[in-house]
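Summary of the model geometry
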Amino acid sequence: GYARLVTIMATVNASYLAIQQQYIVALKAIVGVTCVLSVLGSSLIILTYVAFKDLRTTARQLLVNLSVADILVAGSHFVGLFTNFDRFIRDYWTTTDALCTVQAAFTMFSTLASFVWTVAIGLYMFIVIVRRQPHLAKKMALVLHSLLPYWL
């Protein structure tokens, strides 16, 4: 029963580790580069919005909010890369320390914020393009700007 299950899990874990060691450096590099590129791209969107006043439209304000959420997503993954990544690969079913829990919660929160802002942009674009009601879309955006910061 239980002893057999533990033996099987240990065997699977050892086989898994042998395969994973070959790819762990490449995987960490890919995750790190992706995080850095995401932060750079989102930062450029924010800097463009701040630098050019004629680009400050409602749609771009929504895009800036999404960019902030994406920076938080990338940052939380980057923190996890240096704090929890190796432990997670080696023994993912036993990692329960506080830093891992906080990092995971922040990652989930920022990912949810990114998702909600993406939905808000989609809804805004639908109202503007399909329904051809830019005034309604602008009112919706004002409501989102007033409500979403309290939720996300």
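Residues numbered from 1 in each chain as written. Predicted model: local features only at pLDDT ≥ 70, side-chain atom pairs only at ≥ 80, totals over all residues. Heavy atoms only, no water.

This paragraph deals with helix 4 (residues 98-130). Between its terminal C-alpha atoms helix 4 stretches 47 Å, which fits the 48 Å expected from 33 residues at 1.5 Å a residue. Burial in helix 4 covers these residues: C100, Q103, T107, S110, A113, S114, W117, A120, I121, Y124 and I127. (Helix = DSSP H or I, 4+ residues; strand = E, 2+ residues; numbered from the N terminus. Expected span 1.5 Å × (residues − 1). Buried < 20%, exposed > 50% of the residue type's maximum accessible area, 1.4 Å probe, protein only.)

If you look at the biggest cluster of nonpolar residues, it comprises 13 residues, and the most contacted ones within it are L62, W117, Y124 and M140. Elements represented by at least two residues in this core include exactly helix 2 (58-83), helix 4 and helix 5 (134-151). Per-element accounting of this core gives the leading share, six residues, to helix 4. (Core = buried A, V, L, I, M, F, W, Y, C linked by side-chain atoms within 4.5 Å.)

The next point concerns a nonpolar patch on the surface. Judged by side-chain polarity, V33, V36, L37, L40, F78 and F82 come together as a nonpolar surface patch covering roughly 590 Å² of accessible area. Looking at the secondary structure, you find V33 in helix 1 (residues 2-51). (Patch = residues over 30% accessible without salt bridge, like charges linked within 9 Å, V, L, I, M, F, W, Y side chains within 5 Å. Areas by Shrake-Rupley, 256 points an atom, 1.4 Å probe, with all protein chains shown as cover. Salt bridge = Lys/Arg side-chain N within 4 Å of Asp/Glu carboxyl O.)

Quick look at the environment of G80 now. Mapped onto the elements, G80 comes out in helix 2. Under the relative-accessibility criterion, G80 is labelled buried at 8%. Considering only alpha carbons, one finds G80 and C100, 20 residues apart in sequence, at a separation of 7.5 Å.

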